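Descriptive analysis of the structure
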Amino acid sequence: MDEASRVPEPQHLERENSRLTLKLLGVALGAFAFGFALVPLYEVLCEVTGFGNQKDLQHATAGVVEQIDRDRMVTVEFIAELPSVGSWEFRPVISSMKVHPGKLYEMDFVARNLTGQDSVAQAVPNVAPGKATAYFRKTECFCFTPQHFAKGEQKVMPVRFVLDPALPRHLDRITLSYVFYDNSTRVGALN
Amino acid sequence: MANTTHADHAHDHHDHTPKGIKRWLYATNHKDIGTMYLVFACAMFFMGGAMALVIRLELFQPGLQFVDPGFFNSMTTMHALLMIFGAVMPAWTGLANWMVPMQIGAPDMALPRLNNFSFWLLPFAFTMLLLTLFVPGGSPAGGWTLYPPLSLQAGDSFPLTIFAIHLMGISSILGAINVVVTIMNMRAPGMGLLNMPLFCWTWLITAYLLIAVMPVLAGAVTMLLTDHFFGTSFFSAAGGGDPVMFQHIFWFFGHPEVYILILPAFGVVSEIIPTFSRKPLFGYESMVYASASIAFLSFIVWAHHMFTVGMPLAGQLFFMLSTMLIAVPTGVKVFNWCATMWKGSISFETPMLFSLAFLFLFTIGGFSGLMLAIVPADFQYHDTYFVVAHFHYVLVPGAVFAIMAGVYYWLPKWCGRMYNEKLGKLHFWLSTIGVNVLFFPQHFLGLAGMPRRIPDYSTQFADWNMVSSIGAFIFGFSQLLFVYVVWNAVKSGAPAPQRPWDTARGLDWELPTPAPYHSWETPPDAQAVARGVGH
């Protein structure tokens, strides 16, 4: 019989039992902590694979220089989504446009507050296919900061973007979508 | 010899046992606690089963007949929570409580008071969960997977559900710790780890899985709780979180969880098939290593549950291939069971019938699992009835049949009385026919595109849904027969012989029949250990 499969002597049993119990409880606590450690790990994984780096879409890219690639045309589609119906209006002014990589474009989204009170909204962007995210640069976007709306107010909100000319050639159609969240409770709590 | 002395000891101790309700409230005896676990599991099995019948009743015909869609969704969610956490997991813990000390030659579980605590958490947990049926907004209806943002929109049921899951989690972690400590520290002299019956082995591995992943689930639901009440944004996109991350964390728990449900079944079947084939188990060590490999692989396949939420191609390939890899150790097991029966002189008593049905039907569930592992095919099958058919094949004629096989197999040793073999076989055939009529058509429905978790469907799915519902009612009501057979055996069965199955090996069969209240007060002698480990 090998070392590992030996059981403790009867007179030591109680001590050995509580020792092993504590060890296993420690493992369980470690596993609980690991569940929370998955949160930063997930961010790192998204960063490394470049797949989920949607967070970069919520920051302006510094030092964008126009290098227009006039030989290529890429279709950019715009989608506006609301998590629930009825309390907001939110839409792009046009549904798609053809763009040259390397050229700076501006597009407008329109939002109207129908909640019946002053509200704060936060737009969360997403680019599909995921691979294109890393090549989608913004210099200005209404999603960078929470947007304040008076009761019934309508706003036209611009987004300025440029596609990195290094965009892989097989990507000829990119979708930029926004989900428009009412963030009043959360922001209210922060203030 | 040893047996008679044990019987005397047992009588001594019986006299000190508290009577009536106190025997159960203060229970520290592994058999009493095991019995309570099994009775509790049976109650939850019927409650979850009743919910399943509400689902099948509504789906009997297209259109909305009996319940409103919100309640229907509550039924699917609650059915899953009750069956997984209330029926199958406690049933396994109950069997472990009964059998592990008997099989390793220990007097009791290592931590009897903890054992009592982990059982008594369960009635409270499930009372809380079932209370949600009566609160404003109804029971959780977003699926047992509790995906945000939908699960965060639940009504008053939300905190009750989360705390119920916390209690269930603590209960199963403590139960698992108890099993590990018992097996590691309390084996009889001469019983090495690789001499243990396979039920102990598969439970040991299951216990480690439980300790590793139940806390992760607890973490995930805690994050849901703080997102809902305390303004954190783990999963809320508006606040910078990511709902997809919940799916990753959940399935990091969820995939090992499905092996928690099935590994002890492998153990039970590995005990029963050799007994009724009258041959030792083929490839004992490879069974142990296969179980351990399955447990290891279960940690690196989780994202196959979420191919359609989007991930890089490399990720899809990794999770597809690692998932398919699980078929290798599982195949080792299936071939070993077949090889055990090869040229055996097989007899078909009820436990063997359930084990054989397990072997065939679990393998069908394994094959549909392989199909689901193929990424491009999964895009088609995802969230359809094909998935429902798959996991019910591995869980009902898989885990549940193995539990029933185990109960029929060990019942004579537990209570000293035989069950009625004719009724047992009738229960088997009704269950097996019922379960196939119930779940096999769901493969066709899924391949034809019927989505899961819907109360109404396109008329093209009507025929197979009707067949499936008929099967559900046959299966559901034939389980009442199971309760009758067990009850009848306990109350008035014919006295069981010392060895109810003459070829059964293991220390559990060396004890007198019925098994004495305290199992091995004096450790079994070397001869008994050697007789038991003849594989």
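Above this note sits the structure.
First, a word on scope: everything that follows refers to the structure included in this document. (Residues numbered from 1 in each chain as written. Chains lettered and ligands numbered in written order. Predicted model: local features only at pLDDT ≥ 70, side-chain atom pairs only at ≥ 80, totals over all residues. Heavy atoms only, no water.)

1. Some thoughts on the overall build of chain B
Just so we agree on the cut-off: Put simply, DSSP marks the helices as runs of H or I at least four residues long and the strands as runs of E at least two long, and each gets a number from the N terminus on. With the radius of gyration taken over C-alpha atoms, the globule rule is written as 2.2 Å times the number of residues to the power 0.38. Exposure categories follow from relative accessible area, calculated using a 1.4 Å probe and restricted to protein chains: below 20% of the type maximum is buried, above 50% is exposed, and the middle band is partly exposed. Any two residues whose heavy atoms approach within 4.5 Å are treated as being in contact. Method for areas: the Shrake-Rupley scheme with a 1.4 Å probe, in which residue coverage is limited to the protein chains shown. For the purpose of counting charges, residues Lys and Arg are taken to be positive, whereas Asp and Glu are taken to be negative. His and the chain ends are not included. The atoms used to mark charge sites are NZ of Lys, CZ of Arg, CG of Asp and CD of Glu.
A count of helices and strands for chain B gives 17 helices and zero strands. Over its C-alpha trace chain B gives a radius of gyration of 23 Å, about what one expects of a compact globule, namely 24 Å for 535 residues. For chain B, the spread of C-alpha atoms along the principal axes amounts to about 70 × 50 × 45 Å. Counting the 535 residues in chain B, one finds 61% classified as buried. The long-range fraction of contacts in chain B, counting pairs at least 24 apart against all pairs at least 6 apart in sequence, stands at 82%. With the model as given, the accessible surface of chain B reaches about 19,100 Å², and the carbon-plus-sulfur share is 72%. Each charge sign in chain B was given a centre, from 21 positive and 24 negative side chains, and these centres are 10 Å apart.

2. Overview of the overall build of chain A
Assigned secondary structure in chain A consists of two helices and nine strands. Put simply, chain A runs from its N terminus to its C terminus through helices and strands in the order α-β-β-β-β-β-β-β-β-β-α. The buried share among the 191 residues of chain A stands at 38%. Entry remark: accessible area of chain A is about 10,700 Å², with carbon and sulfur atoms responsible for 55%.

3. Structural notes on the pairing of strand β8 (residues 154-163) of chain A
All names here are of chain A. Rule in force here: Following DSSP output, two strands are said to pair if at least two bridges run between them.
One ladder, built from nine bridges, connects strand β4 (residues 104-113) with β8; its direction is antiparallel. Paired with V110 across the bridge in β8 is V156. Judged from the five bridges that link them, strand β6 (residues 136-141) and β8 form a sheet pairing that is antiparallel. Among the inter-strand pairings, F136 is bridged to a residue of β8, identified as L163.

4. Section: the pattern of salt bridges
Residues and elements named next belong to chain A. Heads up, the condition is: Each reported salt bridge corresponds to a side-chain nitrogen of Lys or Arg within 4 Å of a carboxyl oxygen of Asp or Glu.
Counted under the stated rule, the structure contains ten salt bridges over all chains. Measuring nitrogen to oxygen at the nearest pair gives 3.7 Å for the salt bridge that ties R15 to E16. Close ionic contact of E89 with R91 constitutes a salt bridge, the shortest N to O distance being 3.7 Å. On the basis of relative accessible area, R91 is assigned to the partly exposed category, the value being 39%. Linked by salt bridges that have partners in common, R15, E16 and R19 make up one network.

5. Some points on the interface of chain A and chain B
Interface extent is often summarised as the accessible area lost during association of the parts. Put simply, the rule is: Distance and chemistry together define a polar contact, namely a pair of N or O atoms within 3.5 Å, with one atom able to donate a hydrogen and the other to accept it when in protein, and with adjacent residues in sequence counting only for side-chain atoms on both sides.
Contact with chain A, which involves 31 residues of that partner, is made by 42 residues of chain B. Along the contact surface separating chain A from chain B lie zero salt bridges. For the pair chain A and chain B, the number of links is three residue pairs in polar contact (both at pLDDT 80 or more). Mapped onto the side of chain A that touches chain B, the elements with two or more residues apiece are α1 (13-49) and β5 (119-128) of chain A.

6. Considerations on helix α9 (residues 284-297) of chain B
Residues and elements named next belong to chain B. Our working rule: The span one expects for a helix is its residue count, reduced by one, times 1.5 Å.
Taking 1.5 Å of rise per residue, the 14 residues of α9 would be expected to cover 20 Å, and the 20 Å separating its terminal C-alpha atoms lies within 8% of that figure. Buried residues of α9: Y284, M287, V288, A290, S291, I294, A295 and L297, and no others. In this fold, the buried residues of α9 make contact with α7 (198-229), α8 (243-277), α10 (313-325) and α11 (327-341).

7. A look at the nonpolar core
Stated formally: The set of buried Ala, Val, Leu, Ile, Met, Phe, Trp, Tyr and Cys residues whose side-chain atoms join them within 4.5 Å is what this entry labels a nonpolar core.
Judged by nonpolar contacts, the single largest core of 186 residues is most densely connected at F85(B), W92(B), F126(B), M196(B) and W337(B). With 21 residues, the single largest contributor to this core is helix α4 (residues 69-104) of chain B. Leaving out residues up to four positions away in the same chain, F126(B) has contacts with F40(B), M44(B), L81(B), L82(B), F85(B), G86(B) and M168(B). By size, the runner-up hydrophobic cluster in this structure holds 31 residues, among which are W88(A), F109(A), V159(A) and F161(A).

8. Things to note about the packing of α7(B) against α9(B)
Angle between the axes and distance between the axes: these two values describe a pair of packed helices. All names here are of chain B. Basically, it comes down to this: To get an axis, a line is fitted to the C-alpha atoms, and for a helix only the part in contact is used. The angle between two axes follows their N-to-C directions and goes from 0 to 180 degrees. By the definition adopted for this analysis, an angle is roughly parallel if under 35 degrees, roughly antiparallel if over 145, roughly perpendicular if from 65 to 115, and oblique otherwise. Each helix crossing is assigned a hand: it is left-handed if the near helix lies turned anticlockwise from the far helix by less than a right angle, otherwise right-handed if that turn is clockwise. Classification convention: Asp, Glu, Lys, Arg as charged; Ala, Val, Leu, Ile, Met, Phe, Trp, Tyr, Cys, Pro as nonpolar; all other residues, Gly among them, as polar.
Across the interface, α7 lies against α9 with an axial gap of 10 Å and an inter-helix angle of 15°. Classified by the interaxial angle, the pair formed by α7 and α9 is roughly parallel. Judged by the sense of rotation from one axis to the other, the crossing of α7 with α9 is right-handed. Here α7 contributes L198, W201, T202, I205 and L209 to the contact with α9, which in turn contributes Y284, M287, V288, S291, A292 and A295. Of the residues that constitute the contact of α7 with α9, the class distribution is nine nonpolar, two polar and no charged.

9. Digging into the packing of aromatic side chains
The condition is simple: For Phe, Tyr and Trp, where Trp contributes only its six-membered ring, two rings pair if their centres lie within 6.5 Å, and the inter-plane angle classes them as stacked under 30 degrees, edge-to-face over 60, or tilted in between. We count a charge as sitting over a ring when the NZ of a lysine or the CZ of an arginine lies within 6 Å of the ring centre and within 35 degrees of the ring normal.
Counting across every chain of the model gives 62 aromatic pairs over all chains. On the basis of an interplanar angle of 70° and a centroid distance of 6.3 Å, the ring pair of F36(A) and F234(B) is categorised as edge-to-face. Taken as a pair, F36(A) in helix α1 and F234(B) in the loop between α7 and α8 lie in two separate chains rather than in one. Here F36(A) falls in the partly exposed class, since its relative accessible area comes to 28%. The exposure class assigned to F234(B) is partly exposed, which follows from its relative accessible area of 22%. Between K155(A) and the ring centre of F149(A), over which it is positioned, the NZ or CZ distance is 4.9 Å. Taking NZ or CZ as reference, K491(B) lies 5.2 Å from the ring centre of W487(B), over its face.

10. A look at a nonpolar patch on the surface
Residues and elements named next belong to chain B. The condition is simple: Surface patches are defined over residues having more than 30% relative accessible area and no salt bridge, joining like charges when they lie within 9 Å and nonpolar side chains (Val, Leu, Ile, Met, Phe, Trp, Tyr) when within 5 Å.
Where nonpolar side chains cluster on the molecular surface, the patch consists of F60, L426, L430, M466, I470 and I474 and spans about 440 Å² of accessible area. Mapped by element, the contributors of at least two residues to the nonpolar patch are α15 (421-447) and α16 (462-492). It is α16 that contributes the most residues to the nonpolar patch, three residues altogether. By the element assignment, F60 lies in the loop between α3 (30-58) and α4.

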